[in-house]
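# Summary of structural features
This is what each chain is made of:
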Amino acid sequence: MKKNNYQPIIGLEIHIELKTRSKMFCRCPADHFGKPANSQTCPVCLGLPGALPYPNQKAIDWTIMAGLALGCRIPLNSKFDRKNYFYPDLPKGFQISQYDQPLAIKGELDGVRIRRVHLEEDTAKMLHRKRQTLIDFNRSGVPLMEIVTEPDIHSDEQAKQWLKHLQQIIRRLGISSCDMAKGSMRIEPNISLAKDKIKLPNYKVEIKNINSFRFTKKAINYEIKRQANSLTKGQKLVQETRGWDNKRQTTYSQRTKEAAHDYRYFPEPDLPPMQLTKEKIAQIRKQIPELPAGQKERWQKEFGLNEYQARVLTNTPQKAAYFEEAAGLAKKIPAKTLANLIINNKVNIQQTEPKQLIKQLLTTRPQLAEDQLSKIIQRVIKQSPKPVTDFQKGKIGILEFLVGQVMIACRQLNGQADPNRVRQLIKQKLIK
Ligand SMILES: [Zn+2]
């Protein structure tokens with residue numbers, strides 16, 4: 001029996017804490033993680049009566065930068081609005097956010113349309129104990145960027161890959177750590193199932209604040225199954241907000257979704273509307289560094305890296321910058337060799353400057369004799385049973401690990417070997 005013909009319709013909302021020095025509307029430090037509770041507060045972020053907000057220009061510029069990097073249009077007029085609701089983590093009784101005039105609109109990344117990118121303030125953090133709930137206001141007022149996509153995603157895996165790419169871009173821009181374990185990137189997928197591709201479903205289920213890619217994938221997958229089950233039974237699904245229970249590996253209902261007008265949005269009277277100029281936007285655009293996707297492609301062409309090497313290196317801004325500098329300096333050392341050294345952590349990029357590394361590599365060492373090399377390879381193979389079996393099972397990338405081990409062993413003998421020759425010899429010994 002055919003299980004179902006439902007098409008998952010998935011949209012994402014992503015909250016990202018910006019790593020500005022100060023908070024969004026006051027001068028308290030924005031870096032709140034692990035700080036003593038309520039040590040970074042003032043009348044503004046405590047929401048005391050009469051305290052006036054003062055906007056953080058850097059947070060505004062960075063949100064525009066993110067918008068531009070995601071292919072968005074930046075309207076020249078933007079403003080902050082009050083989103084009114086009552087909750088213990090929101091001392092003012094409203095959150096300063098953006099409603100109908102966000103900083104960036106209509107972007108696109110990997111075929112997924114981006115509806116908007118806007119800026120708001122984070123709420124305080126509640127700590128639930130057995131019989132009490134404590135509130136830490138250090139997080140209250142931290143600049144929070146929200147990215148909202150159109151429902152253009154159709155599987156759990158696509159959502160995960162897309163989010164990873166987004167994280168990579170934001171990290172490259174240097175505007176957030178996007179550290180999910182610390183809550184600086186939080187994901188809210190919304191999921192519904194369509195019977196046919198033309199008509200969108202009239203409900204959607206939003207899952208609140210997920211803090212890992214893996215859980216996001218699991219939650220989406222769970223929802224798809226749950227909803228398909230209900231629909232197959234002829235049940236009607238409603239608009240609701242659910243949470244992800246990682247212990248039970250299920251989602252659970254939290255509330256039926258409030259409509260937007262329940263928040264009674266209105267323009268923030270304490271902040272003037274923002275007026276941008278084309279010059280200002282152009283200036284921000286110029287500050288955007290080369291993004292990982294473009295860099296990855298260029299390195300494959302320019303330096304002959306393979307897809308894996310280029311992907312791993314572009315994934316971390318530090319590694320990427322290090323490789324770029326080293327490859328630019330090294331004329332005699334193949335870029336691939338440099339790439340492997342960095343990827344396999346054979347060089348401490350915090351301690352060794354690219355210049356030093358090249359110098360070390362160029363300090364000539366005698367080529368080891370073939371029989372000596374052969375012995376080293378034998379030894380490395382013996383010492384690495386797991387990588388060897390993995391390689392024989394077809395995990396070809398692991399070969400570079402073995403090559404690396406041999407190269408290190410050679411260096412310990414104060415000699416060197418040609419990595420291509422080493423590769424060849426290992427293959428000869430392992431492929432029978
Ligand atoms: Zn403050």
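In this text, all values refer to a predicted model and were calculated from it rather than measured experimentally.

## A short note on the coordination of the zinc ion
Protein ligation of the zinc ion involves C26 (SG), C28 (SG), C42 (SG) and C45 (SG), the donor distances falling in the range 2.3 Å. Here the zinc ion is ringed by 4 donor atoms whose angles at the metal span 103 to 116°, and the overall shape comes out tetrahedral. All donors to the zinc ion come from one chain, and their sequence spacing reads C-x1-C-x13-C-x2-C. With a gap of 14 residues between them, C28 in the loop between β1 (7-17) and α1 (57-69) and C42 in the loop between β1 and α1 connect regions that are remote in the sequence.

## Some remarks on the nonpolar core
If you look at the biggest cluster of nonpolar residues, it comprises 69 residues, and the most contacted ones within it are I147 and I170. Tallying contributions element by element places α1 first for this core, with 8 residues. The residues contacting I170, other than those within four sequence positions of it, are I16, A66, M145, I147, I175, S176 and C178. Core analysis: the next-biggest nonpolar cluster, separate from the first, contains 22 residues, A320, F323, A330 and A335 among them.

## Looking at the sheet that holds strand β4 (residues 94-97)
Spatial ordering of the open sheet is given by β4-β3-β14, a layout of 3 strands whose pairing is antiparallel. Only two strands of the sheet have a single partner each, and these edge strands are β4 and β14 (266-267). As paired elements, strand β3 (residues 81-84) and β4 share 4 bridges and run antiparallel to each other. If you follow K83 over to β4, its bridge partner there is Q95.

## Examining the packing of helix α12 (residues 399-412) against helix α13 (residues 419-430)
Where α12 meets α13, the axes come as close as 10 Å, and the angle between the chain directions of the two elements is 115°. Taken as a pair, α12 and α13 cross one another with a handedness that is right-handed. Contacts between α12 and α13 involve L399, E400, L402, V403, V406 and M407 on the former and, on the latter, P419, V422, R423, I426, K427 and L430. For the contact of α12 with α13, the per-class residue count stands at 9 nonpolar, no polar and 3 charged.

## Observations regarding the pairing of strand β9 (residues 143-149)
The buried fraction of β9 is high, at 7 of 7 residues. Across 5 bridges, the pairing between β1 and β9 is antiparallel. Note on β9: the bridge partner recorded for E13 is V148. Note that strand β6 (residues 112-121) and β9 share 7 bridges and pair antiparallel. Across the sheet, V117 pairs through a bridge with I147, a residue of β9.

## So, the state of the cysteines
Linking two cysteines covalently through their sulfur atoms gives a disulfide. Tallied over the entire structure, the rule returns 0 disulfides. Between C72, a free cysteine, and C178, which holds the nearest cysteine sulfur, the sulfur-to-sulfur gap is 15 Å. Judged by its relative accessible area of 8%, C72 is buried.

## Regarding the packing of aromatic side chains
Centre distance and the angle of the planes are the two values used to describe a pair of aromatic rings. Here the structure, examined in full by the defined rule, presents 6 aromatic pairs. Measuring from ring centre to ring centre gives 5.4 Å for F303 and F323, while their planes differ by 90°; the resulting arrangement is edge-to-face. Taken as a pair, F303 in helix α5 (residues 292-303) and F323 in helix α7 (residues 317-329) lie far apart in primary sequence, 20 residues in all. For F323, a relative accessible area of 0% corresponds to the buried category.

## Focus on helix α10 (residues 370-383)
For α10, built from 14 residues, the straight-helix expectation of 20 Å at 1.5 Å per residue is met to within 8% by its first-to-last C-alpha distance of 20 Å. All of the buried residues along α10 are L373, I376, I377, V380 and I381. For α10, the angular spread of the buried residues around the axis is 135°, confining them to a single face. Residues of α10 that are exposed and angled more than 90 degrees away from the buried face: D371, K375, K382 and Q383. In this structure, the buried side of α10 is in contact with α11 (385-392), α12 and α13.

## Focus on the sheet that holds strand β12 (residues 240-245)
Read across the sheet, 8 strands follow the order β5-β6-β9-β1-β10-β11-β12-β13 without closing on themselves; strand pairing throughout is mixed. Two strands in the sheet have a free side with no partner beyond their single neighbour: β5 (104-109) and β13 (250-255). Averaged over all adjacent pairs, the angle separating strand axes in this sheet is 30°, with direction ignored. Here α1 sits on the sheet and contacts β5, β6 and β9; the angle it forms with β6, its principal contact strand, is near 175°. Packed on one face of the sheet, helix α2 (residues 156-173) meets β1, β5, β6, β9 and β10 (185-194) and runs near 25° to β1.

## Some words on the side chain of R116
Note that R116 resides in strand β6. For the buried residue R116, which engages in no salt bridge, the nearest side chain bearing the opposite charge is E146, 6.2 Å off. A distance of 2.8 Å separates a polar atom in the side chain of R116 from the backbone oxygen of Q98. When neighbours within four sequence positions are excluded, R116 is seen to be in contact with Q98, Y99, P102, A104, I105, E146, I147 and V148.

## Comments concerning the pattern of salt bridges
A full pass over the atoms with the stated rule returns 28 salt bridges. Its salt-bridge partner being R186, residue D122 comes within 2.9 Å of it at the nearest N-O pair. Of the two residues, D122 sits in the loop between β6 and β7 (125-128) while R186 sits in strand β10, which places them 64 residues apart along the sequence. Of the two residues, D122 and R186, both sit in the buried class. Taken together, the shared-partner salt bridges in this structure form one network comprising E17, D122, R139 and R186.

Procedures and definitions
Residues numbered from 1 in each chain as written. Predicted model: local features only at pLDDT ≥ 70, side-chain atom pairs only at ≥ 80, totals over all residues. Heavy atoms only, no water. Donors = N, O, S within 2.8 Å, 3.2 Å for Na, K, Ca; no water. Tetrahedral: all angles 85-135°; square planar, octahedral: opposite > 155°, others 65-115°. Helix = DSSP H or I, 4+ residues; strand = E, 2+ residues; numbered from the N terminus. Core = buried A, V, L, I, M, F, W, Y, C linked by side-chain atoms within 4.5 Å. Buried < 20%, exposed > 50% of the residue type's maximum accessible area, 1.4 Å probe, protein only. Contact = heavy atoms within 4.5 Å. Pairing = 2+ DSSP bridges. Axes fitted to C-alpha atoms, helices over the stretch in contact; angles between N-to-C directions. Left-handed = near helix turned anticlockwise from the far one by under 90°. Nonpolar A, V, L, I, M, F, W, Y, C, P; charged D, E, K, R; others polar. Disulfide = S-S within 2.5 Å. Phe/Tyr/Trp six-rings, centres within 6.5 Å; stacked < 30°, edge-to-face > 60°. Expected span 1.5 Å × (residues − 1). Arc of directions from axis to C-beta. Lys, Arg positive; Asp, Glu negative; His and termini not counted. Salt bridge = Lys/Arg side-chain N within 4 Å of Asp/Glu carboxyl O. Polar contact = N/O pair within 3.5 Å; in protein donor to acceptor, adjacent residues only side chain to side chain.

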